[in-house]
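# Structure assessment
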Amino acid sequence: MRALERLEPFTTRRRQALNKINIALLAAVMLTLQMITSVLAILTLYHSPLVALTSPRCPKRHPNHSGNGSIAALILARGGSKSIPLKNLAKIGTKSLLVRTLEVLESFGEFDSIWVSTDDNRIGDAVQVAFPGDRIQLHFRSGEFARDQSTSIESTQEFLSKHPEIANVALVQCTSPFLRSQYLAEACRKFHRSVDCVFSAVRSFQLRWRMQPADEKMVPLNFDPRSRPRRQDWDGELVEAGMFYFARRSLILMEGIFQNEHCRVVEVNPKDALEIDDIDDLNLARIITEQTEDK
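Nothing here was measured: the structure is a model prediction, and the numbers come from that model. (Residues numbered from 1 in each chain as written. Predicted model: local features only at pLDDT ≥ 70, side-chain atom pairs only at ≥ 80, totals over all residues. Heavy atoms only, no water.)

### Digging into the sheet that holds strand 7 (residues 197-204)
In space, the seven strands of this open sheet follow the order 5-4-1-6-10-7-11, with mixed pairing throughout. For this open sheet the edge positions go to strand 5 (137-140) and strand 11 (263-267), each flanked by a neighbour on one side alone. Ignoring which end each strand starts from, the neighbouring axes of this sheet average 30° apart. Note that strand 7 and strand 10 (residues 237-248) share seven bridges and pair antiparallel. When the sheet's bridge partners are listed, Ala201 is paired in strand 10 with Glu240. Where helix 5 (residues 152-162) meets the sheet, its contacts fall on strand 1 (72-76), strand 4 (113-118), strand 5 and strand 6 (168-172), and the angle it forms with strand 1 comes to roughly 130°. Against the sheet, helix 6 (residues 181-190) touches strand 7, strand 10 and strand 11, its axis set at about 160° to strand 11. (Pairing = 2+ DSSP bridges. Helix = DSSP H or I, 4+ residues; strand = E, 2+ residues; numbered from the N terminus. Axes fitted to C-alpha atoms, helices over the stretch in contact; angles between N-to-C directions. Contact = heavy atoms within 4.5 Å.)

### Brief notes about helix 6
Turning to helix 6, its buried residues are Tyr183, Leu184 and Ala187. For helix 6, the angular spread of the buried residues around the axis is 95°, confining them to a single face. The exposed residues of helix 6 that point more than 90 degrees off its buried face are Gln182 and Arg189. Those residues of helix 6 hidden inside the fold are in contact with helix 3 (97-108), strand 7, strand 10 and strand 11. (Buried < 20%, exposed > 50% of the residue type's maximum accessible area, 1.4 Å probe, protein only. Arc of directions from axis to C-beta.)

### Brief notes about a nonpolar patch on the surface
On the surface, Trp209, Met211 and Met218 cluster together to form a nonpolar patch covering roughly 320 Å² of accessible area. Mapping Met218 onto the fold places it in strand 9 (residues 218-220). Residue Met218 is classed as partly exposed on the basis of its relative accessible area, which comes to 46%. (Patch = residues over 30% accessible without salt bridge, like charges linked within 9 Å, V, L, I, M, F, W, Y side chains within 5 Å. Areas by Shrake-Rupley, 256 points an atom, 1.4 Å probe, with all protein chains shown as cover. Salt bridge = Lys/Arg side-chain N within 4 Å of Asp/Glu carboxyl O.)

Right, dumping it as structure tokens:
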């Protein structure tokens, strides 16, 4: 009994020491868990698309562009067209040229993002009304790149300089009102690693001449008048349709061009190749649409 009495203080002190050790271990575990949680939160933050969206380098970085194979569709739609005021918003039937094209791009569904580059709030408003939310991205360019003298390559370079995440661009012209998804699908298939560019073209069998300014003599350009080719005797020529241009970022920014010798071509049906340059073209497109699409 006396032995137990002598052991009791020792047992009590031992129990107290063990409790202190357990409390210390529990505190260490809790601290470790807090540190792990903090690290995971930081990692999640830096890998979140929100960081890209708020990055000071690119305020409108798009999360879909994660590799060299991604493609952004881009429409250049400035507000200062001269032949037809606000030509991009001119209507064929119930839809504007811009909305018609955007609907084709969206229904195609293979682009990583779709952009409209404009300098005009009316065009931006029209896009947001027709495509609410973030389905279509808006890029507001400066007036410097929306003048009558501004070229498509300059405007595309300006766009790419603001969006470094975009590796490839499909410049699509909304003034080609008969764009088809199958043409875009073929362009995507042909836009593989060994190719720098893909563009639309029409095969022509027209025999071309040029007048020499000095003496006004007529010179044949693509045939010999002494041996005029029949249509079935030659492959014809490829003429740009102007419907779209797929190109690598480096080709546009470093070389300042949409096309080089490493290109592929998508042949467009001549019936779909109409380009809207003036009011006569617009009226013709309206007539074609009334006779075909509205039936």
